[in-house]
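Analysis of the macromolecular model
Here is what each chain is made of, one letter per residue.
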Amino acid sequence: MNTTFLSPGSTSAPLPRIAVLATGGTIAGTASDAAQTAGYQAGVVGVEQLMAAVPAVSGVARIEAEQIASIDSKDLDPRLWTVLSQRIEALAARDDINGIVVTHGTDTLEETAYLLHLVVKTSKPVVLTAAMRPASALSADGPMNLLGAVTLAATRAAWGQGVFVAFNNRIHSARDVVKTSTYAVDAFQSPEVGALGWVQDGRVEFQRGVVRPHTGATPFSAALGWPAVEIIPSYAGVSRIAVDAAIAAGVRGIVVAGTGNGSIHGTLQVALAEAVQRGISVVRASRVGSGHVIRNGAAPDDALGFVSAGTLNPYKARVLLMLALAAGINDRTLLQAAFDTY
Ligand code: ASP
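Fair warning: this is a prediction, and the values are worked out from it, not measured in the lab.

Let's shift gears to the pairing of strand β2 (residues 17-24). Burial within β2 is extensive, with 7 of its 8 residues counted as buried. Between the parallel pair β2 and strand β3 (residues 62-71), the chain is carried across by helix α1 (residues 47-52), and the sense of this crossover is right-handed. Alignment of β2 against strand β4 (residues 99-103), held across 5 bridges, turns out to be parallel. Among the inter-strand pairings, alanine 19 is bridged to a residue of β4, identified as isoleucine 100.

Here is the structure:
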């Protein structure tokens, strides 16, 4: 796909109606000093004020704004995912709503985006956006990101592609996107595969489509609860303390942030094999940040009962593992199929 679409604001048709759901984050943050871009308070500016900073939105869409939460996304709790996904589905079910924008913190944006991509049952565009600089900063990036997100949500060509992240003019698929900088305004990338396209000056262009099933084509739901799944890294000299603690706590799953191609220190591997024997699902992901973890047919996957995460990083692998376990997918072969599919 390689088509340019004018935003609906450039036609004489009535403007699309877009729901904006605010959850907090740096985009809603303020600092006492306009030069301050760290150490500010996130999630304090209300959604009306956020929208007021982007008057150009009125040329693109009619906005219906709601405050869902006011948090720093580092403190995000899966219960908010349940609330958010249910609210998105309720809004998307309305004939007069064309798309939904969610403002969010950058810190856990990739987790929420992938979660929504897997659970919300709608073909209407759901677009997450955020900011690296607080609303009070010189050259705050939030207003332009919000305008880009609304423009994308109002674009007919965005239907049926699941959940997006619109950030710094780029359009990313929720499955691919990760935060790759602690400070830069261009903080989000889709490693290996690149962005889906871009949004700029009211124009949206897609360079490629979304390949894997999402939204209505998955068996997942945010209403089924959140099985306990921990992420445990492998590193030089790692002990088995974290695995033993996870087993003792009764977790249902463990995602290993392995080295390289999901390789695991021998000490940790013995402990994880014991976890599998106790009925805990173990998924091998990589801490590297780019690339994929391919399934090792012999050791350790088949021999020890591990599942490989493919291209999902450990945080996204945890999201999928929680959803799969909640949907009753415990069998190792079926779990591997879920990781190969979604
Ligand atoms: N520092 C974060 C951000 O960039 C705060 C958060 O994630 O809510 O949005």
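If you trace the 4 strands from one edge of the open sheet to the other, you get β12-β13-β14-β15, paired in parallel fashion. The strands lining the two open edges of the sheet, one partner per strand, are β12 (229-233) and β15 (306-308). Here the average twist between neighbouring strands, direction ignored, is 25°. As paired strands, β12 and strand β13 (residues 253-258) are joined by 5 bridges and run parallel to one another.

Our next topic: the pairing of β4. Summarising burial for β4: 5 of the 5 residues are buried, a large majority. Taking every second residue as pointing to the same face, both faces of β4 are buried, with Gly99, Val101 and Thr103 on one and Ile100 and Val102 on the other. As paired elements, β4 and strand β5 (residues 126-129) share 4 bridges and run parallel to each other. Bridge pairing in β5 links threonine 103 to threonine 129. Handedness of the β4-helix α3 (residues 109-119)-β5 crossover: right-handed.

A few words on the nonpolar core. If you look at soluble globular proteins, the nonpolar side chains tend to sit buried side by side. Counting residues in hydrophobic clusters, the biggest one holds 55 residues, and the most contacted among them are Ile88, Ile100, Leu128, Phe220 and Phe339. Counting residues per element, this core draws most heavily on helix α8 (residues 314-326), which supplies 8 residues. Leave out the neighbours within four places in its chain, and isoleucine 88 touches Leu21, Ile100, Val102, Leu116, Val120 and Val126. Of all hydrophobic cores here, the second largest spans 32 residues; its members include Val47, Val127, Ala149 and Phe206.

The end-to-end C-alpha distance of helix α4 (residues 142-153) is 16 Å, a good match for the 16 Å that 12 residues give at a rise of 1.5 Å each. Counting buried residues along α4, 10 of its 12 residues qualify, which places the element largely inside the surrounding structure. Here α4 has its buried residues at Gly142, Asn145, Leu146, Leu147, Gly148, Ala149, Val150, Thr151, Leu152 and Ala153.

Surrounding the ligand, one finds Gly25, Thr26, Tyr40, Asp72, Ser73, Gly105, Thr106, Asp107 and Ala131. Between the ligand and the protein, one listed contact pairs an oxygen atom with a side-chain N or O atom of serine 73 at 2.5 Å. One of the side-chain nitrogen or oxygen atoms of threonine 106 is found 2.4 Å away from an oxygen atom of the ligand. Its residues placed into classes, the shell around the ligand shows 2 nonpolar, 5 polar and 2 charged.

Within the element layout of this structure, isoleucine 294 appears in the loop between β14 (281-286) and α7 (301-304). Given the relative accessible area of 47%, isoleucine 294 is considered partly exposed. Taking the C-alpha atoms as reference points, isoleucine 294 and valine 211, 83 residues apart in sequence, are found 19 Å from one another.

A full pass over the atoms with the stated rule returns 4 aromatic pairs. Above the face of the tryptophan 159 ring, arginine 156 is positioned so that its terminal group lies 4.0 Å from the ring centre.

Counting buried positions along α3 gives 11 out of 11 residues, so the element sits mostly inside the fold. Along α3, the residues classified as buried are Leu109, Glu110, Glu111, Thr112, Ala113, Tyr114, Leu115, Leu116, His117, Leu118 and Val119.

Contact pair α8 / helix α9 (residues 332-341): the axes reach a minimum separation of 11 Å and the direction vectors enclose 130°. Between α8 and α9, the angle falls in the class oblique. In the crossing of α8 with α9, the sense of the turn from one axis to the other is right-handed. Where α8 abuts α9, its residues Ala317, Leu320, Leu321 and Ala324 lie against Leu335, Ala338 and Phe339.

One can describe the packing of helix α2 (residues 78-92) onto α3 by two numbers: an axis separation of 11 Å at closest approach and a directional angle of 50°. When the interaxial angle is binned, α2 and α3 end up oblique. Both α2 and α3 take part in a crossing whose hand is right-handed. Contacts between α2 and α3 involve Trp81, Leu84, Ser85, Ile88 and Glu89 from the first element and Glu111, Thr112, Leu115, Leu116 and Val119 from the second. For the contact of α2 with α3, a count of residues per class yields 6 nonpolar, 2 polar and 2 charged.

Here the phi dihedral of serine 139 falls at roughly 50°; this positive angle occurs in a residue that is not glycine. Tracing the chain through its elements places serine 139 in the loop between β5 and α4. We note that asparagine 169 has phi near 75°; this positive angle belongs to a residue other than glycine. Examined against the element boundaries, asparagine 169 turns out to sit in the loop between β6 (163-167) and β7 (170-173). The class for asparagine 169 is partly exposed, based on a relative accessible area of 34%.

Criteria and thresholds
- Residues numbered from 1 in each chain as written.
- Predicted model: local features only at pLDDT ≥ 70, side-chain atom pairs only at ≥ 80, totals over all residues.
- Heavy atoms only, no water.
- Buried < 20%, exposed > 50% of the residue type's maximum accessible area, 1.4 Å probe, protein only.
- Helix = DSSP H or I, 4+ residues; strand = E, 2+ residues; numbered from the N terminus.
- Right-handed = clockwise from strand over helix to strand, strands pointing away.
- Pairing = 2+ DSSP bridges.
- Axes fitted to C-alpha atoms, helices over the stretch in contact; angles between N-to-C directions.
- Core = buried A, V, L, I, M, F, W, Y, C linked by side-chain atoms within 4.5 Å.
- Contact = heavy atoms within 4.5 Å.
- Expected span 1.5 Å × (residues − 1).
- Near = heavy atom within 4 Å.
- Polar contact = N/O pair within 3.5 Å; in protein donor to acceptor, adjacent residues only side chain to side chain.
- Nonpolar A, V, L, I, M, F, W, Y, C, P; charged D, E, K, R; others polar.
- Phe/Tyr/Trp six-rings, centres within 6.5 Å; stacked < 30°, edge-to-face > 60°.
- Lys NZ or Arg CZ within 6 Å of the ring centre and 35° of its normal.
- Parallel < 35°, antiparallel > 145°, perpendicular 65-115°, else oblique.
- Left-handed = near helix turned anticlockwise from the far one by under 90°.

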